[in-house]
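Examination of the molecular architecture
If you want the building blocks of each chain, they are given just below.
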Amino acid sequence: MKILHLDTNHDLLINQLNTLGYINDEDYTSSKSDIEAKIHNYDGIVLRSRFTIDKQFLDAAKKLKFIGRVGAGLENIDCDYAERKGIHLISAPEGNRNAVGEHTLGMLLSLLNKLNKADNEVRQGMWLREDNRGIELDGKTIGLIGYGNMGKAFAKKLSGFDVTVLCYDIKGNIGDLNAQQVSLKTFQDEVDVVSLHTPETPLTLNMINATFINQFAKPFWFFNTARGKSVVTKDLVLALKSGKILGAGLDVLEYEKASFENLFSNTLPEAFQYLIDANNVLLSPHVAGWTIESKEKLAQTIVDKIKAEFC
């Protein structure tokens, strides 16, 4: 079997696939149309988010048996069409779930304790102790929207705190010892902190909007380490200005390009400028699952799943 690798990954991925007897070709620079012209020669593709695998691309991939995405989601692939063509889809949420859980917890503790704000002020010679009085996590109710690999990993990190953890998910009976599954109404009535852990789907696109935000009984802290397009940024900003949202930790943004490698090329949107300037907003560049360890785990997960399915 011949595999085409479209993005760089940990060396173990190709090394182990070579050992298993696969022929591995690498092409990290050609245009999508050039790749499409030769994809008929390959049995498998391994990529991150370089470009969208659409119907036209899949029709050209006459021999394709699998697509491996070295990441958690599959939103850059036309999954329904690929499955109709008998193509096996492989992702690796197990590989970076711990990293996402740790990053989300880090953002939460940093924001509640104003660590980034205080650090910036001290570097400027400002010693504002009362202004940087923090808020303790203990006693709070933490709500997780989406309780798959990422949500479960974050809930596990929270198990060492004196907090109540609730989860809401469209799938039933997925709560566990670390999180109690509740209705959306109960979720919105009780939580102090909301953390988003959903994939990008038609159901989650623009899900966090003004209507959704205003249904919460209490002002709350908001964190998104999932997908940027699940949040309507201008509505988030309005909620931050009004105090409905007390602060936000955002690892992903609505404005990201599909590859996740860039933000945008033109002038900054007004809502994003507000986020940049706000002391109660913490930003990172889509790196929650982007650790030294997760790079290796993601690659190993893809190898293991290819091996289990095709060897």
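A brief look at the structure comes next. The structure presented is a predicted model; accordingly, all values stated were derived computationally and were not measured.

1. Looking at the pairing of strand β11 (residues 245-250)
Among the 6 residues that make up β11, 5 are buried, leaving the element largely enclosed by the rest of the structure. As defined by bridge partners, strand β10 (residues 220-224) adjoins β11 across 5 bridges and the pair is classed as parallel. Within the sheet, the bridge partner assigned to Phe 220 lies in β11 and is Ile 245. Strand direction decides the pairing type here: β11 and strand β12 (residues 281-283), joined by 3 bridges, are parallel. Opposite Leu 250, over in β12, you have Leu 283 as the bridge partner.

2. Remarks on the sheet that holds strand β2 (residues 23-26)
Spatial strand order, β2-β1-β3-β4-β5: 5 strands in an open sheet with parallel pairing. Where the open sheet ends on each side, the last strands, each with one partner, are β2 and β5 (88-90). Neighbouring strand axes in the sheet, compared pairwise and without regard to direction, differ in orientation by 15° on average. Here strand β1 (residues 2-5) runs beside strand β3 (residues 44-47); their pairing, made up of 3 bridges, is parallel. For Leu 4, the partnering residue across the bridge sits in β3 and is Ile 45. Sheet contacts for helix α12 (residues 292-310): β3, β4 (66-69) and β5; angle to β5, the most-contacted strand, approximately 155°.

3. So, the nonpolar core
Ranked by internal contacts, the top residues of the largest apolar core, which has 30 residues, are Ile 208, Phe 222, Leu 236 and Leu 275. Where this core is concerned, the elements lending two or more residues are β9 (193-196), α9 (210-214), β10, α10 (233-242), β11 and α11 (270-277). Residues within four places of Leu 275 in sequence aside, it is in contact with Thr 233, Leu 236, Val 237, Leu 240, Leu 250, Leu 253, Val 281 and Leu 283.

4. Some details on the packing of aromatic side chains
To describe a pair of aromatic rings, you give the distance between the ring centres and the angle between the ring planes. Enumeration according to the criterion identifies 6 aromatic pairs in this entry. Here Phe 51 and Phe 57 contribute two aromatic rings whose centre-to-centre distance is 5.8 Å and whose plane-to-plane angle is 55°, an arrangement assigned as tilted. Just as Phe 51 is buried, Phe 57 falls in that class too. Within the aromatic cluster, the residues linked to one another by ring pairs are Phe 187, Phe 212, Phe 216 and Phe 220. One cation-aromatic arrangement involves Lys 2 over Tyr 42; the distance from NZ or CZ to the ring centre is 4.9 Å.

So, how was this worked out
Residue positions within a chain follow its written sequence, with the count starting from 1. Since the coordinates come from a predicted model, pLDDT governs what is reported: local features require at least 70, and pairs of side-chain atoms require 80 or more to be given and counted, while whole-chain, interface and lining totals use all residues. No hydrogens and no water enter the side-chain calculation; it runs on all heavy atoms of the structure. Residue exposure (1.4 Å probe, protein chains only): buried if accessible area is under 20% of the type maximum, exposed if over 50%, otherwise partly exposed. Every helix listed is a DSSP run of H or I at least four residues long, and every strand listed is a run of E at least two residues long, numbered separately from the N terminus. Two strands are said to pair when DSSP picks up at least two bridges between them. Only C-alpha atoms enter the line fits that serve as axes; for helices the fit covers just the stretch in contact. Angles between N-to-C directions range over 0 to 180 degrees. We call two residues in contact when some of their heavy atoms are within 4.5 Å. To qualify as a nonpolar core, a set must consist of buried Ala, Val, Leu, Ile, Met, Phe, Trp, Tyr and Cys residues joined through side-chain atoms within 4.5 Å. Any two of the Phe, Tyr and Trp rings considered here, Trp counted by its six-membered ring, make a pair once their centres fall within 6.5 Å; the pair's planes then place it as stacked at under 30 degrees, edge-to-face at over 60, or tilted in between. Counting as a charge over the ring demands two things of the Lys NZ or Arg CZ atom: a distance within 6 Å of the ring centre and an angle within 35 degrees of the ring normal.

In short, shape yes, function no, at least from these values alone.
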